[in-house]
Amino acid sequence: MEKLAIFGGTPACRNPLSYGKQYIDGEDIAAVTEALCGDLTCGPKIGELEQALCRVTGAKYAVAVSNGTAALHLAAMAAGFGQGDEVIVSAVTFAASANCILYCGGKPVFADIDPETYNIDPKSVEKLITSRTKGIVAVDFTGQAVRHDELRELCRRHGLTFIEDAAHAIGTRYRGRPVGSIADMTCFSFHPVKTVTSGEGGAVTTDDERLYRRLLRLRSHGITRNREEMAHPTDARWYNEQVELGYNYRITDIQAALLVSQLKKLPEFSARRKALTARYDAAFAQVPEVFVQREIPESDTTRHLYILRIRPELLSCDRRQFFDALWMENVHSQVHYLPVYWHSYYEKLGYEKGLCPNAEKYYQEAMSLPLYYGLTDEEADQVIAAVKKVAAYYAKDRTQSAASRT
Ligand SMILES: *Cc1c(COP(=O)(O)O)cnc(C)c1O
């Protein structure tokens, strides 16, 4: 810790900045208050939310659920993933993207990332396809859309179901089409760190009516009131029938009301996140010791995460030291993510290190800087100053540093 003594001394009384934070205004509070006086669950706010999600994403159908993990689980079930099926998933993501495959008895197969965009690399996916492959779970990491053209073509050629984990990507477009209307099923999360929130919440969107009906039924125990789906149809008004094993993954009307209100602000949230991203990108382009995430031109991205990636070959420190120094400077960064198969649970399942070299290298070098709607320009500039200070301190080539860091 000795070396860190120079950090944290300037200027006094700054509040620590975390990597993400929700933004709640008076309209959100009014919407929730109103919902508390109506049906608390299974009421009209759910349909209202689903319509709003269809408008935002351009999808035909939306099914709102209790969280993003539930959305992924239901999508994996609706896709029919089962025992012995292989499903290809990005190695750099939150564990839930792969866990949903395990929930269904399937086997996650980890694809490597593109070293510059950090998104799943279609070339890596192609090499992993076997006769047992049933689908792909592709994550729009940091909010940037995956390479849909290449992935959809692979899915078409091999008869795979394409699930998009768009937990980071509400508001993003690919070639002008909103995320949510492109893959077979798209899953969203509305956890408070995400771009819009319902506290806990999630959704699956799809254009396929058959998948939609199945998702609806699985959300509520596998119980149906639709006579066509019953083994023993009757016209008794009270009758409903459980036709398969589902769950209670419903979202409440209280949460739905909050999210309807939040979605109205999505264009502003999106614009602010883009502006902050541009501000960081411009500043860090001047710092040789760090690397700026590359954007593909097809993606018009609403960034959920801003990743700072260090270049260890130009620094006399590792990611841990860089991260700790930023922390001392009141920039409370986070790391997204440990390659999923490095988790000890996956290790016990037999996954070994070395599977995805780009993902593993990325993990040694990355950290997420503060990025959220309420972050002011002044705060963003504090983050930039902190990064420059730490990079200058640890730079191997101090002369070059001095010129670019003022
Ligand atoms: C947040 C997140 C999830 C899970 O969402 P929850 O709503 O927290 O269950 C899944 N995948 C990714 C990539 C996420 O970031």
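You'll find the structure just up there.
Residues numbered from 1 in each chain as written. Predicted model: local features only at pLDDT ≥ 70, side-chain atom pairs only at ≥ 80, totals over all residues. Heavy atoms only, no water.

## Some words on unusual backbone geometry
In this structure, Y337 follows H336 across a cis peptide bond, with omega equal to 0°. Its place among the elements puts Y337 in the loop between β16 (331–332) and α11 (344–348). The phi dihedral of R175 is positive, around 45°, even though this residue is not glycine. In this fold, R175 is placed in the loop between β7 (173–174) and β8 (177–178). Its relative accessible area of 54% is what places R175 among the exposed residues. One non-glycine residue, N330, lies in the positive phi region at around 75°. Within the fold, N330 resides in the loop between α10 (319–328) and β16. (Helix = DSSP H or I, 4+ residues; strand = E, 2+ residues; numbered from the N terminus. Buried < 20%, exposed > 50% of the residue type's maximum accessible area, 1.4 Å probe, protein only.)

## Some words on the site of the ligand
In the vicinity of the ligand, 15 residues are found, and the nearest of them are G68, T69, D165, S189 and K194. One of the side-chain N or O atoms of S189 is found 2.8 Å from an oxygen atom in the ligand. Protein coverage of the free-state accessible area of the ligand, which is 380 Å², stands at 92%. With three residues, the top contributor of residues to the shell around the ligand is helix α3 (residues 68–78). Tallied by class, residues from the shell around the ligand come to five nonpolar, eight polar and two charged. (Near = heavy atom within 4 Å. Polar contact = N/O pair within 3.5 Å; in protein donor to acceptor, adjacent residues only side chain to side chain. Areas by Shrake-Rupley, 256 points an atom, 1.4 Å probe, with all protein chains shown as cover. Nonpolar A, V, L, I, M, F, W, Y, C, P; charged D, E, K, R; others polar.)

## Quick notes on the pattern of salt bridges
Throughout the structure, instances matching the rule amount to 28 salt bridges. A salt bridge links R279 to D377; its shortest N-O distance comes to 3.6 Å. Here D377 lies in helix α13 (residues 377–394) and R279 lies in helix α9 (residues 266–284), a separation of 98 residues in the sequence. Residue R279 is classed as partly exposed on the basis of its relative accessible area of 30%. Between E313 and R311 there is a salt bridge whose closest N-O contact spans 3.4 Å. (Salt bridge = Lys/Arg side-chain N within 4 Å of Asp/Glu carboxyl O.)

## Quick word on the pairing of strand β2 (residues 61–65)
Looking down a regular strand, the side chains alternate between one sheet face and the other. Counting buried positions over the five residues of β2 gives five, a clear majority of the element. Side chains Y61, V63 and V65 of β2 all project onto a buried face; the interleaved residues A62 and A64 project onto the opposite face, where all are buried too. Direction of pairing for β2 relative to strand β10 (residues 202–206): antiparallel, over a ladder of five bridges. Along β10, the bridge assignment pairs Y61 with T206. (Pairing = 2+ DSSP bridges.)

## Some thoughts on helix α1 (residues 26–36)
Residues D28, A31, V32 and A35 constitute the buried set of α1. With its buried residues spanning 95° around the axis, α1 presents them on a single face. Exposed positions of α1 whose direction lies more than 90 degrees from the buried face are G26, I29 and E34. With a side-chain oxygen lying 3.1 Å from the backbone nitrogen of E27, the N-terminal cap of α1 falls on D25. (Arc of directions from axis to C-beta.)

## Focus on the packing of aromatic side chains
Counted under the stated rule, the structure contains 22 aromatic pairs. A ring pair is formed by Y23 and Y373, whose centres lie 4.6 Å apart and whose planes are at 70°; its orientation type is edge-to-face. Of this pair, Y23 sits in the loop between β1 (17–18) and α1 while Y373 sits in the loop between β17 (366–369) and α13, and the two are 350 residues apart along the sequence. Given a relative accessible area of 33%, Y23 falls into the partly exposed group. By the ring-pair criterion, three or more aromatic residues cluster together here, those being F94, Y118, F141, Y337 and Y362. R319 extends its terminal NZ or CZ atom over the ring of Y363, reaching a point 4.8 Å from the ring centre. (Phe/Tyr/Trp six-rings, centres within 6.5 Å; stacked < 30°, edge-to-face > 60°. Lys NZ or Arg CZ within 6 Å of the ring centre and 35° of its normal.)

## A look at the sheet that holds strand β6 (residues 161–165)
Pairing within the open sheet is mixed, and its seven strands lie in the order β2-β10-β9-β6-β5-β3-β4. The open sheet terminates on both sides in strands that have one partner only, identified here as β2 and β4 (107–111). Between one strand axis and the next, the sheet turns by 20° as a mean value, whatever way the strands run. Two elements, strand β5 (residues 133–139) and β6, share five bridges in a ladder whose sense is parallel. (Axes fitted to C-alpha atoms, helices over the stretch in contact; angles between N-to-C directions.)

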